[in-house]
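Single-letter residue listing:
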Amino acid sequence: MKSETNGWGEAMAAATDGNFPQRVLVQTRDGGKSWNEVHLPAPYTSFITSFFLDETTAWVIPGPGAGFETSPTPLIRTTDGGKSWQKFMIPGGTSEITFVDKQNGWAMDVKQKGQDVMDQNLAIFHTTDGGKTWRQMSKAQTGTTNITPGPFPSSGFGDGTFLNPQKGWFVTGSM
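Residues numbered from 1 in each chain as written. Predicted model: local features only at pLDDT ≥ 70, side-chain atom pairs only at ≥ 80, totals over all residues. Heavy atoms only, no water.

Next up on the list: the nonpolar core. Within the largest apolar cluster, twelve residues are counted, these being Phe-51, Trp-59, Ile-61, Leu-75, Ile-90, Ile-97, Phe-99, Ala-107, Val-110, Ala-123, Phe-125 and Trp-134. Secondary structure elements with two or more residues in this core: β5 (58-62), β8 (96-99), β9 (105-112) and β10 (121-127). Those residues in contact with Ile-97, other than ones at most four positions away along the chain, are Thr-49, Phe-51, Trp-59, Ile-61, Leu-75, Ile-90, Trp-106, Ala-107 and Met-108. Leu-25, Val-38, Val-60 and Ile-76 belong to the second-largest nonpolar core, a separate cluster that totals eleven residues. (Core = buried A, V, L, I, M, F, W, Y, C linked by side-chain atoms within 4.5 Å. Buried < 20%, exposed > 50% of the residue type's maximum accessible area, 1.4 Å probe, protein only. Helix = DSSP H or I, 4+ residues; strand = E, 2+ residues; numbered from the N terminus. Contact = heavy atoms within 4.5 Å.)

Below is the structure:
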């Protein structure tokens with residue numbers, strides 16, 4: 001919930017074609033008494049992840065997506081509660097995004113082309129214009145501690161959260 005009455009959510013929609021259910025965005029304007037689906041722009045019907053900033057602003061990485069993809073990741077954003085959407089691209093494959101305001105956000109564990117699929121480089125990218133453009137903040141090869149440039153770690157299993165554009169935390173671990 002982003003206020004006492006308005007909130008976003010994720011739900012599973014029943015598949016009508018025999019495939020797996022798809023994730024859909026939902027919104028409430030009455031404190032959760034009722035929820036309405038927020039339709040993504042064509043050709044997107046489902047998504048991998050979402051981030052909700054406030055009552056009207058959300059970013060969505062459409063899906064389904066592949067685990068080892070290194071091609072640019074589509075990112076769509078709404079600033080009017082889902083009535084309209086803008087499409088941007090993150091330079092690499094990712095399913096992890098976070099934002100602190102309408103302009104500043106991060107894409108984490110962004111897969112970059114390596115020598116082979118198990119030897120990919122991972123990077124953290126930052127946007128200062130709501131997702132239109134992205135600047136690489138850090139890059140690391142999977143399974144190493146060699147991190148360049150910048151102070152951000154990246155090991156493949158991480159989660160970032162930020163207090164503001166200058167201060168944040170990145171939790172990393174291994175399985």
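With that settled, consider the sheet that holds strand β7 (residues 86-90). Strand order across the open sheet formed by four strands is β4-β5-β6-β7, with antiparallel pairing between neighbours. Edge positions in the sheet fall to β4 (47-52) and β7, since each has one partner strand and no second. The mean inter-strand angle of the sheet, taken between neighbouring strand axes irrespective of direction, is 25 degrees. Pairing of β5 with strand β6 (residues 73-78), which is carried by three bridges, proceeds in the antiparallel orientation. Residue Val-60 lies in a different strand from β6, and its bridge partner there is Ile-76. (Pairing = 2+ DSSP bridges. Axes fitted to C-alpha atoms, helices over the stretch in contact; angles between N-to-C directions.)

Function cannot be read off these values alone, since they describe shape.
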